Amino acid sequence: MDRIETNLPISSNSLSEIRDYWVNLRQNRLMPNKKHFSPAAIVRHLPNIALVDVFQNPLRFQYRLLGTRITELAGRNATGKWLNEELYGDRTNDILWMYKKCASTRQPVAVREQIQFADKSWLNVDVAAFPMSDTDNEISTILGAVDLTKTDAKLPSPGSTFILNWQAVKETTMSSSLRDQHSKKAECGEN
């Protein structure tokens, strides 16, 4: 799979709000302590989240919890399952890439890609992984989130994945309109 670095923002409002919650929870630390994570704080986004336990030596991942929206899209509930070939078959390395990157860098990772869940058509999704720890330095859990990509978002070609700028804030129609108005005023010498 081709992975293409972009400066594109996350298109999903749900993922953006989960990101903002994670950033606030982190404060000035590398990553938030998972004991401070409160599902009640993001209750309306719970259907879109996955909690993934991270095990070291060897590096492995296990679903602790999958939201109902994810299990609905996937057509199965993989809670308690290891993220391995038994679960994902020949897509295992593509699925694990994001989790491995998050675990090794201890930084969030967001991607946009086209996936096909069992017995379903291809879907464009934004997926994000946000690290959490038991201590300040050792990642123990990944707060994952999945949502359908907005219909107006730029899409990667089949077989490619966009690596998104997880920190970028998407421009709204209103902010774009205000920017255009400001540009027109500047051109006319107004201000």
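Residues numbered from 1 in each chain as written. Predicted model: local features only at pLDDT ≥ 70, side-chain atom pairs only at ≥ 80, totals over all residues. Heavy atoms only, no water.

A. Highlighting the overall build of the protein. Counting its secondary structure elements, the protein contains five helices and seven strands. Ordered by position in the sequence, the α and β elements of the protein form the string β-α-β-β-α-α-α-β-β-β-β-α. Residue burial in the protein is summarised as follows: out of 191 residues, 42% are buried. (Helix = DSSP H or I, 4+ residues; strand = E, 2+ residues; numbered from the N terminus. Buried < 20%, exposed > 50% of the residue type's maximum accessible area, 1.4 Å probe, protein only.)

B. Structural context of the pattern of salt bridges. Inspection of every chain in the model, using the stated rule, returns eight salt bridges. Lys34 is the partner of Asp134 in a salt bridge, and the nearest nitrogen-oxygen pair spans 3.5 Å. Residue Asp134 is found in the loop between β5 (122-133) and β6 (139-148), and its partner Lys34 is found in the loop between α1 (13-26) and β2 (49-55); the two are separated by 100 residues along the sequence. On the accessibility criterion, Asp134 (46% relative accessible area) is partly exposed. Judged by its relative accessible area of 27%, Lys34 falls in the partly exposed class. A salt bridge links Asp53 to Arg64; its shortest N-O distance comes to 3.0 Å. Placement of Asp53 in strand β2 and of Arg64 in strand β3 (residues 60-66) is noted, with a sequence separation of eleven residues between them. (Salt bridge = Lys/Arg side-chain N within 4 Å of Asp/Glu carboxyl O.)

C. Representation of the sheet that holds strand β1 (residues 2-5) within the structure. As summarised here, the arrangement of the seven strands in space is β1-β7-β4-β5-β6-β2-β3, forming an open sheet in which the pairing is mixed. The two strands at the open ends of the sheet, each matched to only one other strand, are β1 and β3. If you compare each strand with its neighbour and ignore which way they point, the axes differ by 30° on average. As paired strands, strand β4 (residues 109-116) and β5 are joined by eight bridges and run antiparallel to one another. Following the sheet pairing, Val111 is matched in β5 by Val127. Those strands touched by α1 are β2, β5 and β6, and its axis lies near 5° from that of β5. (Pairing = 2+ DSSP bridges. Axes fitted to C-alpha atoms, helices over the stretch in contact; angles between N-to-C directions. Contact = heavy atoms within 4.5 Å.)

D. Region of the structure containing the packing of aromatic side chains. A full pass over the atoms with the stated rule returns five aromatic pairs. Note on Trp22 and Phe130: the rings are 5.8 Å apart at their centroids and 35° apart in plane angle, and the pair reads as tilted. Remark: Phe130 occurs in strand β5 and Trp22 occurs in helix α1; sequence separation between them is 108 residues. With a relative accessible area of 0%, Phe130 lands in the buried category. Between Phe61 and Tyr99, the ring centres sit 5.8 Å apart and the planes meet at 40°, which makes this aromatic pair tilted. Of this pair, Phe61 sits in strand β3 while Tyr99 sits in helix α4 (residues 92-105); the two residues are 38 residues apart in sequence, bridging distant segments of the chain. Grouping residues by exposure puts Phe61 and Tyr99 together as buried. Looking at Arg60, its charged tip hangs above the ring of Phe55, at a distance of 5.5 Å from the centre. Positioned above the aromatic ring of Tyr88, the side-chain terminus of Arg76 is 5.7 Å from the ring centre. (Phe/Tyr/Trp six-rings, centres within 6.5 Å; stacked < 30°, edge-to-face > 60°. Lys NZ or Arg CZ within 6 Å of the ring centre and 35° of its normal.)

E. Examining the environment of Glu113 more closely. Mapped onto the elements, Glu113 comes out in strand β4. Residues Glu113 and Phe162 lie 49 residues apart in sequence; the distance between their C-alpha atoms is 6.5 Å. In this structure Glu113 touches Met1, Arg91, Leu123, Asn124, Val125, Pro156, Ser160 and Thr161, once residues within four positions along its chain are discounted. Within polar-contact distance, the side chain of Glu113 engages the side chain of Thr161 at 3.1 Å. (Polar contact = N/O pair within 3.5 Å; in protein donor to acceptor, adjacent residues only side chain to side chain.)

F. Here's a closer look at the nonpolar core. The biggest cluster of nonpolar side chains holds 45 residues, and the ones touching the most others in it are Phe37, Phe61, Tyr63, Tyr99 and Ile142. Where this core is concerned, the elements lending two or more residues are α1, β2, β3, α4, β4, β5, β6 and β7 (160-164). Not counting residues within four places of it along the chain, the set of residues in contact with Tyr63 comprises Ala50, Leu51, Val52, Ala78, Thr79, Gly80, Lys81, Leu83, Leu87, Tyr88 and Tyr99. (Core = buried A, V, L, I, M, F, W, Y, C linked by side-chain atoms within 4.5 Å.)

Keep in mind these numbers describe shape, not what the thing actually does.
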